[in-house]
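Summary of the model geometry
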Amino acid sequence: MLFSKKLKVRRVVGQSMHPSIKDGSMCLFLHQNKYKVNDIVLINLNGKDFVKKIEDLNNKSVRLISDDYFGLDSRVWGRLDISAIKAKLIFRVPFF
């Protein structure tokens, strides 16, 4: 049970993280206690999962960015509470 709370597998849907992660890629995420700028993370916002890159963070909040300029990110949402981060990308299988 503990393993399933720390490890998450998600298929990326959409182009917001292209070219780093292609639409359809399978990604493995691991919950961490600390994150840093440029980490690619899984977040949950209003019950929906998103994959984004950390642009800026402090102890309380995080600013997230998409690789694709037109993707939804902190330019739309503003800074998010650090608790929105669920896990860090540790492995991906690209979709061809």
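It should be emphasised that the depicted structure is a prediction, and the values quoted were computed from it without experimental measurement.

So, the overall build of the chain
In terms of helices and strands, the chain carries 2 helices and 7 strands. For the chain, the succession of helices and strands along the chain, N to C, is α-β-β-β-β-β-α-β-β. Its C-alpha atoms give the chain a radius of gyration of 13 Å, near enough to 12 Å, the size a compact globule of 96 residues would have. Counting the 96 residues in the chain, one finds 34% classified as buried.

Topic: the pairing of strand β7 (residues 85–93)
Bridge count for strand β2 (residues 26–30) against β7 is 5 bridges, and the pairing is antiparallel. The partner of Phe29 across the bridge, within β7, is Leu89. As paired strands, strand β3 (residues 40–45) and β7 are joined by 3 bridges and run antiparallel to one another. Bridged to Leu42 within β7 is Ala87.

Side note on a nonpolar patch on the surface
Taken together, the side chains of Ile90, Phe91 and Val93 define a hydrophobic patch exposed on the protein surface, amounting to about 280 Å² of accessible area. Summarising the element assignment, Val93 is placed in strand β7. A relative accessible area of 43% means that Val93 is categorised as partly exposed.

What to know about unusual backbone geometry
Put simply, His18 and Pro19 share a cis peptide bond, and its omega is 15 degrees. Secondary-structure assignment places Pro19 in the loop between β1 (7–11) and β2. Backbone geometry places Asn38, a non-glycine residue, at a positive phi of 80 degrees. If you trace the backbone, Asn38 turns up in the loop between β2 and β3. Unusually for a residue other than glycine, Asn46 sits at a positive phi of about 55 degrees. Within the fold, Asn46 resides in the loop between β3 and β4 (48–57). According to the relative accessible area criterion, Asn46 is exposed, its value standing at 79%.

Calculation rules
- Residues numbered from 1 in each chain as written.
- Predicted model: local features only at pLDDT ≥ 70, side-chain atom pairs only at ≥ 80, totals over all residues.
- Heavy atoms only, no water.
- Helix = DSSP H or I, 4+ residues; strand = E, 2+ residues; numbered from the N terminus.
- Rg over C-alpha atoms; globule rule 2.2 N^0.38 Å.
- Buried < 20%, exposed > 50% of the residue type's maximum accessible area, 1.4 Å probe, protein only.
- Pairing = 2+ DSSP bridges.
- Patch = residues over 30% accessible without salt bridge, like charges linked within 9 Å, V, L, I, M, F, W, Y side chains within 5 Å.
- Areas by Shrake-Rupley, 256 points an atom, 1.4 Å probe, with all protein chains shown as cover.
- Salt bridge = Lys/Arg side-chain N within 4 Å of Asp/Glu carboxyl O.

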